[in-house]
Amino acid sequence: MQPAKAETSQTATKDMKDIVALCKRRGFVFPASDIYGGINGFWDYGPLGVELKNNLRDLWWRRMVTCPPIGPDGHPVQIVGVDSAIIQNPKAWVASGHVGGFSDPMVDCRETKLRYREDKLKAMTVVDKKGDNFYIAFDEDADQEIIQKRLKKLGIAYEANAPMGAFEKMYKDVPNFLEKVIGPDASKVGTLTPPKQFNLMFQTYVGATADEDSKAYLRPETAQGIFLNYKNVLDSSRVKIPFGIAQIGKAFRNEVNPRNFIFRSREFEQMELEWFCHKDDAAKWQKFWFEERKKFWKDLGLSDENLQMRNHDSDELSHYAKAGLGTADIEYKFPFTAPGFGELEGIAHRCDFDLTQHQQHSGEKMEYIDPDDPKNRYIPHVIEPAAGLTRGVLALLCEAFTPDPNRPSGVYLNFHPKIAPKKAAILPLMAKDGHPEKAEKLYMELREEFPVDLDIKQNIGKRYARQDEIGTPFCFTIDNDTMNDDTVTVRERNTMAQERISMSKVAEYLRTKMKV
RNA sequence: GCGGGUGUAGCUUAGUGGUAAAGCUCCAGCCUUCCAAGCUGGCUAUGAGGGUUCGAUUCCCUUCACCCGCUCCA
């Protein structure tokens, strides 16, 4: 079909470079510490970026907490919010598995440029012609067949009884081990680097002394702040299973390699819901939230074409999701992932992993007591729709970015009016003949209800172009006719079409458009 | 973290071992009855640090940031 084809080619012209440049030029996103040359993995949100981000954040909160969706039983589901501390007792991160899971030592291969987790490797001891030992490293999953094939390729006779040991242990025990070992995919000895620690949690010290006892972590996810408060919320807010606790906030991960603008940064924002339900209902609720969340992103203007739903393969599941129903991702086709997709939100079945862990580590009972049957006590299961707020902002920016050679700006941002940083601009056609005064009158009328711009300087074309670039959906223009009959023209961003409406109807006009 | 590439004004580009140039944007003013028009004026740059040199934006080293590929993304 022709139109679809045209749309695809337009999508293909979206270039991250142009999007990043527009973000900086118009004040959406700046490199953090720009005047000092930036800092890898950190970004600042400018005057328009913070509006956009706040709009997305507020819409999520409204959709989840203030006005939660209607459940399968026809009644609104029950969700309350929290805002927990970024720094918590470090024991919380031991219980959650982050302190262990985040500090795996890694080994690099200089020959193949591949990287391995040290604890996932094993090594075989082989004797060469001179009678000296050397070693061949394998992936821990390598079976007999793989091992035989590899040995054949390396020209080494296979010996069924050749000793095989954990890489970790042999690195410690065998002198100059690295000089004598062939990497899992290498052809020569001595290409592996010493194991290096990659701790993905940011560390700090609480209090004046910087010693082991005062060590603390910046949270790598907002979810744990919810689990930590599960009991407090249950005891204070009369919620009953099934119910949810929501949180929006910053999280920090010392990523090895931040990439792709704000997609993977070291400081980012999450919007997470932990939905507590009975184990037997987990499947039902995961489906419910998956549909609900998909609808959310579509309602904000992300197109079907750019959205994809994908279930995690079993080998990519997180430690907490392995035993359950798995994780379903909502993915977006970012310009830098296209034709592939990148994660926007994950809907995970965390089972009872987190509450059980906290119960064990803290000694506090995390059981829920069924009010209808007090003998029925259980640790609820959790369905977690966890979305990236800053990733959402990026998706909205990428979706909105629309090159258009037919207009002066060459590009416009096609934001839904609900998320546009500015809802309208009021533009007197000329800076004389009473136009500015009329414009200011309209501006004063609208400003209390809508974020609007009043722009008087320069010719009208430049002003339309500027509003196109920041994604303002409507421009109200005051001209000589306004002086006579109090009507203004509405210029619609996407079509550039104009219609004339009464000045007194402008607020109502905007109100209507906000709902669509 | 590895390999490759790139860093000159807000943007796009020029140029040189010896005063860093232009277009657009932006700002001010004039003009202007609807899409970056015109005229006048203005602000703003060699990513940072070090070395060689009488003199470095240019050559060398280090570093930082960004882009691409790998890796990583619990």
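Residues numbered from 1 in each chain as written. Chains lettered and ligands numbered in written order. Predicted model: local features only at pLDDT ≥ 70, side-chain atom pairs only at ≥ 80, totals over all residues. Heavy atoms only, no water.

## Quick look at the pairing of strand 6 (residues 121-127)
Taken across its 7 residues, strand 6 has 6 buried, putting it largely inside the fold. For strand 6 and strand 7 (residues 133-139), the ladder comprises 7 bridges, and the chain directions are antiparallel. Each bridged residue has a counterpart across the sheet, and for M124 the counterpart in strand 7 is I136. Across 3 bridges, strand 6 lies against strand 8 (residues 164-166) in antiparallel orientation. Considered in strand 8, the bridge of K122 is made with A166. (Buried < 20%, exposed > 50% of the residue type's maximum accessible area, 1.4 Å probe, protein only. Helix = DSSP H or I, 4+ residues; strand = E, 2+ residues; numbered from the N terminus. Pairing = 2+ DSSP bridges.)

## Overview of unusual backbone geometry
Among all residues except glycine, the phi angle is most often negative; among peptide bonds, the trans geometry is most common. Here I241 and P242 are connected by a cis peptide whose omega angle stands at 0 degrees. Among the structural elements, P242 can be located in the loop between helix 9 (230-236) and strand 13 (243-252). Although it is not a glycine, F261 adopts a positive phi angle of roughly 60 degrees. Within the secondary structure, F261 sits in the loop between strand 13 and strand 14 (267-277).

## Quick word on the state of the cysteines
Taken as a whole, this structure holds 0 disulfides when the rule is applied. With no disulfide partner, C23 has as its closest neighbouring cysteine sulfur the one in C398, 8.1 Å distant. Left unpaired, C351 is separated from the closest cysteine sulfur, that of C277, by 10 Å. (Disulfide = S-S within 2.5 Å.)

## Let's talk about the side chain of R491
On the secondary structure map, R491 appears in strand 26 (residues 487-492). Engagement of the side chain of R491 in a polar contact is seen with the side chain of D468, the distance being 2.7 Å. When sequence neighbours within four positions are dropped, the list of residues in contact with R491 reads R407, Y464, D468, P473, F474, C475, M496, A497 and Q498. (Polar contact = N/O pair within 3.5 Å; in protein donor to acceptor, adjacent residues only side chain to side chain. Contact = heavy atoms within 4.5 Å.)

## Description of the domain arrangement of chain A
Split by domain assignment, chain A resolves into domain 1 (2-89 + 218-399), domain 2 (105-197) and domain 3 (412-515). On a C-alpha basis, the centroid separation for the pair domain 1 and domain 3 is 35 Å. Counting from both sides, the interface comprises 13 residues of domain 1 and, opposite them, 12 residues of domain 3. Approximately 1200 Å² of surface area, both sides summed, lies buried where domain 1 meets domain 3, with 68% of it carried by carbon and sulfur atoms. The three residues of domain 1 that bury the most area against domain 3 are R26, L48 and N55, which together make up 33% of that side's buried surface. E469 is the partner of R25 in a salt bridge, and the nearest nitrogen-oxygen pair spans 2.7 Å. Linking domain 1 with domain 3 are 4 residue pairs in polar contact (both at pLDDT 80 or more). Secondary structure elements with two or more residues in the side of domain 1 that touches domain 3: helix 2 (16-26), helix 3 (47-66) and helix 12 (389-400). Tallying contributions element by element places helix 3 first for the side of domain 1 that touches domain 3, with 5 residues. (Domains from an automatic or database assignment. Buried area = accessible area lost by both parts, 1.4 Å probe. Salt bridge = Lys/Arg side-chain N within 4 Å of Asp/Glu carboxyl O.)

## A look at the sheet that holds strand 24 (residues 452-454)
Taken in spatial order, the 5 strands of this open sheet run 24-23-25-26-27, and their pairing is mixed. Lying at the two open borders of the sheet, with one neighbouring strand each, are strand 24 and strand 27 (498-502). In this sheet, neighbouring strand axes are inclined to one another by 25 degrees on average, regardless of whether the strands run parallel or antiparallel. Inspection of the sheet shows strand 23 (residues 424-428) paired to strand 24 by 3 bridges, in the parallel sense. Looking across to strand 24, one finds that I426 is bridged to L454. (Axes fitted to C-alpha atoms, helices over the stretch in contact; angles between N-to-C directions.)

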